[in-house]
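Residue-level listing of the chains:
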Amino acid sequence: PCFPCCNLYKYLCLGTEGVSPRLAGHLDEAAPVLSGLSTPIVVAKVNAEKYKKLRSKYGVDGFPTLMLFDHGVPTEYTGSRKAGQLVESLRKLVAPDVSVLKSDAAIKSFVQEAGVGFPLFIGFGVDESSIAEYGARYKKKAWFSTAKDFSEDLMAVYDFDKIPALVSLNPKYNEQSVFYGPFEGTFLEDFIRQSLLPMTVPINAETVKMLKDDDRKVVLAVLQDDSDETSMRLIKILRSAANANHDLVFGYVGVNQWEEFTEPFHDSKSSQLPKLVVWDKDEKYEVVEGLEKLEEGDHGSQISRFLEAYRAGRTIKKTFGRRFPTLLGVNALYILLLLVAVLVVLMFFSGQGEEDRQPTRAHQE
């Protein structure tokens with residue numbers, strides 16, 4: 001239970017009686033990998049029910065709680081607890097804000113070791129000081145590096161023809177883009193911030209959280225099924241629109257994939273799909289009357305007309321209020337149902353206890 005403040009990063013798990021077998025398995029799998037890093041991360045488990053002073057010291061009130069100690073300074077870890085993603089997330093946190101790469105081999109190694117969980121930024125011929133601020137600010141969301149020496153072959157691989165160039169890679173979505181500057185003002189940060197998301201965002205529990213950090217509105221395509229052939233073609237067209245409208249986020253969601261999310265935007269009895277809306281990421285959205293439904297035919301032209309009408313202000317604003325299944329609302333509902341279930345169980349056993357109190361005591365004696 002003792003964790004001295006040293007130069008190692010320390011990863012601490014606080015639980016009531018150890019941890020669940022499932023989480024313990026992920027920690028046991030991740031531990032040897034993390035301890036073998038050039039900046040080791042030590043995994044420790046603490047029974048916080050037994051060591052209450054330690055629990056109180058770090059303000060732990062839920063179990064299990066995962067905390068990362070950086071030179072003695074604790075921060076709660078809220079990312080994925082699966083072994084592979086856990087290693088990837090924590091390895092990024094102990095890496096330099098900006099890695100300096102001095103050869104083609106170093107660049108290839110950096111990309112390979114970064115994995116696919118987070119976007120990568122490689123500044124070819126970019127001074128480290130130009131992106132140091134963003135490497136620190138977005139450390140939990142992306143990898144940052146500068147390449148000092150590289151070949152023309154590597155320039156061809158990453159599809160840029162002059163320097164300085166900042167290459168953005170999003171391996172999870174197989175996307176790549178290049179920024180040639182200017183490396184000052186808001187231009188650079190806008191490029192970095194926009195590149196944290198894929199060009200077209202599949203709406204799910206994970207990406208909804210990511211969208212909260214982006215101040216742009218979302219052009220949302222509501223589909224019946226986002227995996228069928230027609231939808232895939234439409235998503236490809238949305239990607240082209242996104243490439244020409246960087247001030248907006250373009251996303252899509254299928255009724256079959258997340259029906260509860262789509263309900264406020266789509267009345268299954270009277271509304272036809274696919275349809276477009278502009279969502280403010282809260283409880284308001286806008287539609288363009290006569291253009292919200294995408295008819296069969298040239299979807300590219302229909303999307304262009306929709307965007308033109310939106311920018312001209314020819315929209316109808318709507319609010320769906322309490323029906324919207326925000327993550328908070330969904331979680332609150334689950335918590336409420338759980339509390340009701342626990343209360344019912346407690347009342348049941350309390351009643352049983354009243355009936356059997358004397359026999360139970362006799363048995364214990």
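Residues numbered from 1 in each chain as written. Predicted model: local features only at pLDDT ≥ 70, side-chain atom pairs only at ≥ 80, totals over all residues. Heavy atoms only, no water.

- As recorded in an unreviewed UniProt entry, the protein goes by the name Thioredoxin domain-containing protein, listed as coming from Aegilops tauschii subsp. strangulata.
- Database annotation for the protein, UniProt heading Sequence similarities (unreviewed entry): "Belongs to the protein disulfide isomerase family." (UniProt positions renumbered as here; feature names shortened; annotations may be inferred.)

Comments concerning the overall build of the protein
For step 1, the next point in the chain: In terms of regular secondary structure, the protein is built from 12 helices and 15 strands.
For step 2, the next point in the chain: Buried positions account for 41% of the 365 residues belonging to the protein.
For step 3, the next point in the chain: Taking contacts inside the protein between residues at least 6 apart in sequence as the whole, the part at least 24 apart equals 66%.
For step 4, the next point in the chain: Summing over all exposed atoms, the protein offers an accessible surface of approximately 20,700 Å²; the carbon and sulfur share of this is 52%. (Helix = DSSP H or I, 4+ residues; strand = E, 2+ residues; numbered from the N terminus. Buried < 20%, exposed > 50% of the residue type's maximum accessible area, 1.4 Å probe, protein only. Contact = heavy atoms within 4.5 Å. Areas by Shrake-Rupley, 256 points an atom, 1.4 Å probe, with all protein chains shown as cover.)

Description of the packing of helix H5 (residues 128-137) against helix H7 (residues 187-195)
The geometry of a pair of packed helices is captured by two quantities: the angle between their axes and the separation between those axes.
For step 1, the next point in the chain: The contact between H5 and H7 brings their axes to 11 Å, and the two run at 35°. Read as a crossing pair, H5 and H7 show a hand that is right-handed. The segment H5 lies against H7, with Ser130, Ile131, Tyr134 and Arg137 engaging Leu188, Glu189 and Ile192.
For step 2, the next point in the chain: Taken together, the residues of the contact of H5 with H7 break down into 4 nonpolar, 1 polar and 2 charged. (Axes fitted to C-alpha atoms, helices over the stretch in contact; angles between N-to-C directions. Left-handed = near helix turned anticlockwise from the far one by under 90°. Nonpolar A, V, L, I, M, F, W, Y, C, P; charged D, E, K, R; others polar.)

Let's talk about the sheet that holds strand S6 (residues 120-124)
For step 1, the next point in the chain: Here 5 strands make up an open sheet; going across it, the order is S5-S7-S6-S8-S9 and the pairing mixed. Across the chains shown, the open sheet's two edge strands, defined by having one partner strand only, are strand S5 (99-101) and strand S9 (175-179). Averaged over all pairs of adjacent strands, the angle between strand axes in this sheet comes to 20°, irrespective of strand direction.
For step 2, the next point in the chain: As judged from the 5 bridges shared by S6 and strand S7 (residues 143-147), these two strands associate in the parallel manner. Directly across from Phe124, in S7, lies its bridge partner Ala147.
For step 3, the next point in the chain: Relative to the sheet, helix H4 (residues 104-114) contacts S5, S6, S7 and strand S8 (165-170), its axis offset from that of S6 by approximately 170°. (Pairing = 2+ DSSP bridges.)

Things to note about the packing of aromatic side chains
For step 1, the next point in the chain: For the structure shown, the criterion picks out 15 aromatic pairs.
For step 2, the next point in the chain: Ring plane angle 20° and centroid distance 5.0 Å describe the contact between Phe179 and Phe191, whose orientation is recorded as stacked. Here Phe179 is found in strand S9, whereas its partner Phe191 is found in helix H7, with 12 residues between them in sequence. Exposure class is identical for Phe179 and Phe191. Each is buried. (Phe/Tyr/Trp six-rings, centres within 6.5 Å; stacked < 30°, edge-to-face > 60°.)

Re H5
For step 1, the next point in the chain: Among the residues making up H5, those that are buried are Ile131, Tyr134 and Gly135. Down the axis of H5, the sector holding all buried residues measures 110°, keeping them to one side.
For step 2, the next point in the chain: Against the buried residues of H5 lie S7 and H7. (Arc of directions from axis to C-beta.)

A closer look at the sheet that holds strand S10 (residues 200-202)
Sheets are built from strands paired through backbone hydrogen bonds, the pairs being either parallel or antiparallel.
For step 1, the next point in the chain: Reading across from one edge, S10-S12-S11-S13-S14-S15 is the order of the 6 strands in this open sheet, with mixed pairing throughout. Taken across any chain shown, the strands that pair with only one partner, and hence form the sheet edges, are S10 and strand S15 (316-319). Direction aside, neighbouring strands of the sheet carry axes that sit 30° apart on average.
For step 2, the next point in the chain: Relative to strand S13 (residues 275-279), strand S11 (residues 218-223) is paired through 5 bridges, and the arrangement is antiparallel. Following the sheet pairing, Val219 is matched in S13 by Val278.
For step 3, the next point in the chain: Its contacts with the sheet put helix H9 (residues 229-244) on S10, S11, strand S12 (249-254) and S13, and the angle it makes with S12 is roughly 165°.
For step 4, the next point in the chain: Relative to the sheet, helix H11 (residues 299-311) contacts S11, S12, S13 and strand S14 (284-287), its axis offset from that of S13 by approximately 30°.

Here we look at the pattern of salt bridges
For step 1, the next point in the chain: With the rule as written, the count across this model stands at 17 salt bridges.
For step 2, the next point in the chain: One salt bridge in this structure joins Arg137 and Glu133, with 2.2 Å as the shortest N-O distance. Of this pair, Arg137 and Glu133 both sit in helix H5, 4 residues apart, which is roughly one turn of the helix.
For step 3, the next point in the chain: What makes Arg137 partly exposed here is its relative accessible area of 43%.
For step 4, the next point in the chain: The salt bridge partner of Glu292 is Lys275, with a shortest N-O separation of 3.2 Å. Note that Glu292 is positioned in the loop between S14 and H11 and Lys275 in strand S13, a separation of 17 residues in sequence.
For step 5, the next point in the chain: In this structure, a network of salt bridges that share partners links the residues Asp190, Arg193, Asp214, Asp215 and Arg216. (Salt bridge = Lys/Arg side-chain N within 4 Å of Asp/Glu carboxyl O.)

Brief notes about unusual backbone geometry
For step 1, the next point in the chain: Following Gly181, the chain continues into Pro182 via a peptide bond in cis, with omega recorded as 5°.
For step 2, the next point in the chain: With respect to the helices, strands and loops of the structure, Pro182 is situated in the loop between S9 and H7.
For step 3, the next point in the chain: In this chain, Leu273 is followed by Pro274 through a cis amide linkage whose omega measures 0°.
For step 4, the next point in the chain: Relative to the assigned elements, Pro274 resides in the loop between helix H10 (259-262) and S13.
For step 5, the next point in the chain: Residues other than glycine seldom take positive phi values, yet Asp159 does so here, at roughly 60°.
For step 6, the next point in the chain: Turning to its location among the elements, Asp159 is positioned in the loop between helix H6 (152-157) and S8.
For step 7, the next point in the chain: A relative accessible area of 60% places Asp159 in the exposed class.

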